[in-house]
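# A look at the structure
These are the residues of each chain, in order.
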Amino acid sequence: MRLSRYFLPVSKDVPADAAIISHQLMLRTGMVRQNGAGIYTWLPLGFRVLQKIEQIVREEMDRAGAIEMLMPTIQQAELWQESGRYDDYGKEMLRITDRHEREMLFGPTNEELITDVFRSYVKSYKALPLNLYHTQWKFRDEIRPRFGVMRGREFLMKDAYSFDLTEEAARASYNKMFCAYLNTFDRLGLTAIPMQADTGPIGGDLSHEFIILAETGESAVFCDKALLDLPAPGLDLDFEADLSGEVEKRTGYYAATEEMHDEAAFADVPADRQVSARGIEVGHIFFFGTKYSKAMNATVQTADGDTVPVQMGSYGIGVSRLVGGIIEACHDESGIVWPQSIAPFEVGLISMRPKDETVAKVADEAYEALKAAGVDVLYDETDERPGPKFNRMDLIGLPWQIVIGPRGIENGVVELKNRKSGEKSEVTLETAIETVKAG
Ligand code: 5CA
């Protein structure tokens, strides 16, 4: 992408209500524009990141055997009246009346809708286990939308729903999601810690929040430091195997959010391993058994011909919240420092003198070579001074910068800069491309 043809409204002005660094940086880099309290337009740079995160989440859900679909944003009130949550959800639910005076709502989550889909088609245990997911916009009329996309009113969530015959099988489905989540966050460059959590309006008795530590996190969290050093299960994990060992490895250590915190149990953690910090909840998984299937009569026939309510769990990831969460974890005084897996572009190519014919030609060739090598590149061929160009590239945080200038051209090299380490080297374009591709 040529910067002169792109839409990158970088700005110096940050509204006073942008209290945390990720919100400030998202506004300054022109990733999002606020349209109302907790409602954002995703501008091109931000949208690229959102899509990259969504894609990684999708790949890891697919790897764990979940099946993608798409449910609507607008739902009928009837389903929620059946489950009993139409009243329970209170003011957080955005209620809408259509022209026929029918009560509708903008979905804050999809347990009811998916249970209705399930009961309409699935009648036999033979179709189980089943895990269906989608990535769709949600609306929650949060009392205090804040921190930009981290607590929005309209936000993008991946939500998956598992269906099993027995509680034991449902726990195995829960464990699959538990492991898939660790792999997902690892690929996003994050250390997410599963913590015992309150189930809130979703319900059920087994639930884990996946928390990344950040000073600006909304909740106080407590955990054993050992959890920070445990590697993710890995992409070669066999999801058909019994994963309870993988889960127990992590749930064996103390980790709890404020609501579930137990001072006495925490005191048993060796003092030098007690982590008391703040965290951002990037995912939340629930096992709630037959809460919805009983209320909504979603049953299956067993091998013996009995009819039983299906066992369910639900599994959410805050896709749009992750954009802010990752910036909280990945920035420095000059701006964002994207992990390469989700960077909006992998390389910022800077032409030092676009008006100089030779420089322009070599830079154009480098741009073509990078594209041909399959590298996502943002090419700054604008006619600005080098200082502001470098600052802007640092601010938007692409993992690599390649600088083309007259001196390098004389020596047959380019300058390659690693945004994270700040390390610069003079290498041939081929070596630069190889280095970028190696990540
Ligand atoms: N139905 C269940 C799981 S699919 C559910 O809704 N869970 S949740 O309420 O915990 O939300 C799942 C994830 O969405 C959260 O972990 C969080 O990362 C994200 N999320 C929740 N509320 C917001 C919000 N107001 N703004 C941005 N992200 C949010």
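This is a predicted model, so every value here is computed, not measured. (Residues numbered from 1 in each chain as written. Predicted model: local features only at pLDDT ≥ 70, side-chain atom pairs only at ≥ 80, totals over all residues. Heavy atoms only, no water.)

## Some points on the state of the cysteines
Our working definition: Note on disulfides: each one is a pair of cysteine sulfur atoms within 2.5 Å.
Under the criterion given, the structure shown has 0 disulfides. Counting only cysteine sulfurs, cysteine 223 is the nearest neighbor of cysteine 330, a cysteine outside any disulfide, at a range of 18 Å.

## Some points on the nonpolar core
Keep this limit in mind: Residues belong to a common nonpolar core when they are buried Ala, Val, Leu, Ile, Met, Phe, Trp, Tyr or Cys residues joined through side-chain atoms within 4.5 Å. Note on exposure labels: buried denotes an accessible area under 20% of the residue type's maximum, exposed denotes more than 50%, and partly exposed covers the range between, all computed with a 1.4 Å probe on protein chains only. Counting from the N terminus, the helices are DSSP H or I runs at least four residues long and the strands are E runs at least two residues long. When checking whether two residues touch, look at their non-hydrogen atoms; a contact exists if any pair is within 4.5 Å.
Ranked by internal contacts, the top residues of the largest apolar core, which has 71 residues, are Ile53, Phe185, Val323 and Trp338. Tallying contributions element by element places helix H6 (residues 167-187) first for this core, with 9 residues. Other than its neighbours up to four places away in sequence, isoleucine 53 contacts Leu188, Val319, Leu322, Val323, Ile326 and Ile342. Counting residues in hydrophobic clusters, the runner-up holds 26 residues, among them Leu79, Ile114, Val122 and Met296.

## Some points on helix H14 (residues 429-438)
Residues spaced three or four apart along an α-helix point in a common direction, a consequence of the helix completing one turn every 3.6 residues. Condition: This arc describes the spread of directions from the helix axis toward the C-beta atoms.
Within H14, the full set of buried residues consists of Leu429, Ala432, Ile433 and Val436. The arc enclosing the buried residues of H14, seen along the axis, measures out at 100 degrees, which places them on a common side. Projecting away from the buried face of H14 at angles above 90 degrees are the exposed residues Glu430, Glu434 and Ala438. Against strand S19 (347-351), helix H11 (357-372), strand S21 (400-404), strand S22 (414-418) and strand S23 (424-427) lie the buried residues of H14. Two residues or fewer after H14 comes glycine 439, characterised by a positive phi angle close to 85 degrees.

## With respect to the sheet that holds S21
The line we're drawing: The criterion for strand pairing is that DSSP finds at least two bridges linking the strands in question. Angles here are taken between N-to-C directions and fall from 0 to 180 degrees, while the axes themselves are lines fitted to C-alpha atoms, restricted in helices to the stretch in contact.
Strand order in the open sheet formed by 5 strands is S20-S19-S21-S22-S23, and the pairing between neighbours is mixed. Looking at which strands have only one partner, the edges of the open sheet turn out to be strand S20 (377-380) and S23. Direction aside, neighbouring strands of the sheet carry axes that sit 20 degrees apart on average. Where S21 meets S22, 4 bridges bridge the pair, whose relative direction is antiparallel. Its bridge partner lying in S22, isoleucine 402 is registered against leucine 416. With respect to the sheet, helix H12 (residues 386-396) is in contact with S19, S20, S21 and S22, its orientation differing from that of S19 by roughly 175 degrees.

## Examining the layout of surface pockets
To find leftover empty space, a probe the size of one water molecule is rolled over the atoms. Keep this limit in mind: Cavities and pockets were defined on a 1 Å grid built from protein atoms only: a cavity is a group of points that admits a 1.4 Å probe but offers it no way out, a pocket is an open group of points flanked by protein on both sides within 12 Å along at least five of seven lines, and a lining residue is one with an atom within 4 Å of any such point. Grid points are joined across faces, edges and corners, and a volume is the space filled by probe spheres set on the points.
Size it by volume and the largest pocket reaches roughly 920 Å³. Lining the largest pocket are 41 residues; nearest its centre among them are Arg140, Arg151, Glu281, His284 and Arg321. Sorting the residues of the lining of the largest pocket by element identifies strand S8 (154-164), strand S13 (274-289), strand S16 (311-318) and helix H10 (319-329) as the ones contributing at least two each. Estimates place the volume of the second largest pocket at around 280 Å³. If you trace the second largest pocket, you find it lined by Leu8, Val10, Ser11, Lys12, Arg28, Ser334, Glu384, Pro388, Asn391, Arg392 and Leu395. Looking at the lining of the second largest pocket element by element, the count peaks at 4 residues for H12.

## Thoughts on helix H7 (residues 244-251)
Taken together, the buried positions of H7 are occupied by Glu246, Val247 and Arg250. Buried residues along H7 cover an arc of 95 degrees about the axis, so they all sit on one side. For H7, the secondary structure elements touched by its buried residues are H6 and strand S9 (193-196).

## Brief notes about the domain arrangement of the protein chain
Cut-off, in case you're wondering: Source of the domain bounds: an automatic or database domain assignment. Definition used for salt bridges: Asp or Glu carboxyl oxygen within 4 Å of a side-chain nitrogen of Lys or Arg. Residues adjacent in sequence count toward polar contacts only when both atoms are side-chain atoms; beyond that, a polar contact is any pair of N or O atoms within 3.5 Å, and within protein one must be able to donate a hydrogen and the other to accept it. Under the scheme applied here, ten amino acids are nonpolar (Ala, Val, Leu, Ile, Met, Phe, Trp, Tyr, Cys and Pro), four are charged (Asp, Glu, Lys and Arg), and all others, including Gly, are polar.
Domain boundaries assigned for the protein chain yield domain 1 (3-336) and domain 2 (345-438). Connecting domain 1 to domain 2 are 3 salt bridges. Aspartate 376 serves as the salt-bridge partner of arginine 48, at 3.6 Å between the closest nitrogen and oxygen. Where domain 1 meets domain 2, there are 6 residue pairs in polar contact (both at pLDDT 80 or more). Listing elements by their share of the side of domain 1 that touches domain 2, those giving two or more residues are helix H1 (21-28), helix H2 (44-63) and strand S18 (335-336). Among the residues forming the side of domain 1 that touches domain 2, the class breakdown is 7 nonpolar, 4 polar and 4 charged.

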